[in-house]
Amino acid sequence: TSMSGISKTIVGSKNWQPISFDPTRKLAFVNGMNFGTTLVNINQEVKLPGMFFGADIKGWVEPEDGNRGFIAAIDPVTGKHVWDVPLKIPHWSGVMSTAGGLVFTGNLLGEFLAYDSDTGKQVWKFQTGSGISGMPITWERNGVQYITITSGSASLYNAIMADPNLPVVPVG
């Protein structure tokens, strides 16, 4: 029997990028994706080692609103979104939240971003010069706290998505 249809993308609604949990606010901060994949189920002989999908991947399906991604604050107990920020280009970076009420992440345009933990409002950005697919970290030296992220675009999204919203960004 052959079936076909549209599913969430084969790279997942939430891929490898780490989330962050704020124990004071009891919220998880997540970068996610919001586009689909057209799949046709096929009978596929399993040959190991190798990949097995059991489907023929026919292409990508754009979301109706054109936003391929989001950053969200989610209550992990109920699964309800407290706030969402829609994104034309999904962030392919990890997320880090701080006790000071900020959420840090990066995007494929090379912007290192800070959002307000309570509202999702973007409060700061810094252009690094290359796409970001790494994880933000925080560290302290001599009583001063620093926030750091690596910049150097290298992601599956850049390689296979043909996103018209993503210009050619210098690799790191």
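From a predicted model like this one, the values you see are computed outputs, not experimental measurements.

**A closer look at the overall build of the protein**
Now for step 1: A count of helices and strands for the protein gives 1 helix and 13 strands.
Now for step 2: For the protein, the succession of helices and strands along the chain, N to C, is β-β-β-β-β-β-β-β-β-β-β-β-β-α.
Now for step 3: Relative to its full complement of 172 residues, the protein shows a buried share of 41%.
Now for step 4: Considering only intrachain contacts with a sequence separation of at least 6, the fraction spanning at least 24 residues in the protein is 51%.
Now for step 5: A total of about 9800 Å² of accessible surface is found on the protein, and carbon and sulfur atoms cover 58% of it.

**Points about the nonpolar core**
Now for step 1: Formed by Leu27, Phe29, Ile71, Ala73, Trp83, Val85, Leu87, Val95, Val103, Leu113 and Tyr115, the largest nonpolar core amounts to 11 residues.
Now for step 2: Elements with a minimum of two residues in this core: β3 (27-33), β6 (69-74), β7 (81-87) and β10 (111-116).
Now for step 3: At 3 residues, the largest contribution of residues to this core is made by β7.
Now for step 4: Not counting the four nearest positions on each side in its chain, Ile71 is found in contact with Val30, Asn31, Trp83, Asp84, Val85, Leu87, His91, Val103, Thr105 and Tyr115.

**Some remarks on the pattern of salt bridges**
Now for step 1: Evaluated as defined, the whole model comprises 4 salt bridges.
Now for step 2: Between Glu62 and Arg68 there is a salt bridge; the shortest N-O distance is 2.2 Å.
Now for step 3: For Glu62, a relative accessible area of 44% corresponds to the partly exposed category.
Now for step 4: A relative accessible area of 3% places Arg68 in the buried class.
Now for step 5: The shortest N-O distance in the salt bridge between Glu111 and Lys125 comes to 3.4 Å. Of this pair, Glu111 sits in strand β10 while Lys125 sits in strand β11 (residues 122-127), and the two are 14 residues apart along the sequence.
Now for step 6: Overlapping salt bridges, with partners in common, bring together Asp22, Arg25 and Asp118 in one network.

**Things to note about the sheet that holds strand β9 (residues 102-106)**
Now for step 1: Spatially, the 4 strands line up as an open sheet ordered β8-β9-β10-β11, and their pairing is antiparallel. Edge strands, defined here as strands with exactly one partner in the open sheet, are β8 (96-97) and β11.
Now for step 2: Direction of pairing for β10 relative to β11: antiparallel, over a ladder of 5 bridges. Residue pairing across strands places Tyr115 opposite Gln122, the latter belonging to β11.

Parameters and conventions
Counting restarts for each chain: residues are numbered from 1 in the order of the written sequence. Residues qualify for local features only when their pLDDT is at least 70, as the model is predicted, and side-chain atom pairs are given and counted only at 80 or more; totals for whole chains, interfaces and linings, by contrast, use all residues. The side-chain figures draw on all heavy atoms in the structure; neither hydrogens nor water molecules are used. Note on conventions: DSSP H or I runs of at least 4 residues are helices, E runs of at least 2 residues are strands, and numbering of each starts at the N terminus. The buried label goes to any residue with under 20% of its type's maximum accessible area, the exposed label to any with over 50%, and the partly exposed label to all in between, with areas taken from a 1.4 Å probe on protein chains only. Any two residues having at least one pair of non-hydrogen atoms within 4.5 Å are treated as being in contact. The Shrake-Rupley method, run with a 1.4 Å probe, gives the accessible areas here. Residue values count only the displayed protein chains as cover. The nonpolar core is taken to be a set of buried Ala, Val, Leu, Ile, Met, Phe, Trp, Tyr and Cys residues, with the residues joined through side-chain atoms within 4.5 Å. Here, a salt bridge means any Lys or Arg side-chain nitrogen found within 4 Å of an Asp or Glu carboxyl oxygen. One bridge is not enough; two strands pair if DSSP finds at least two bridges between them.

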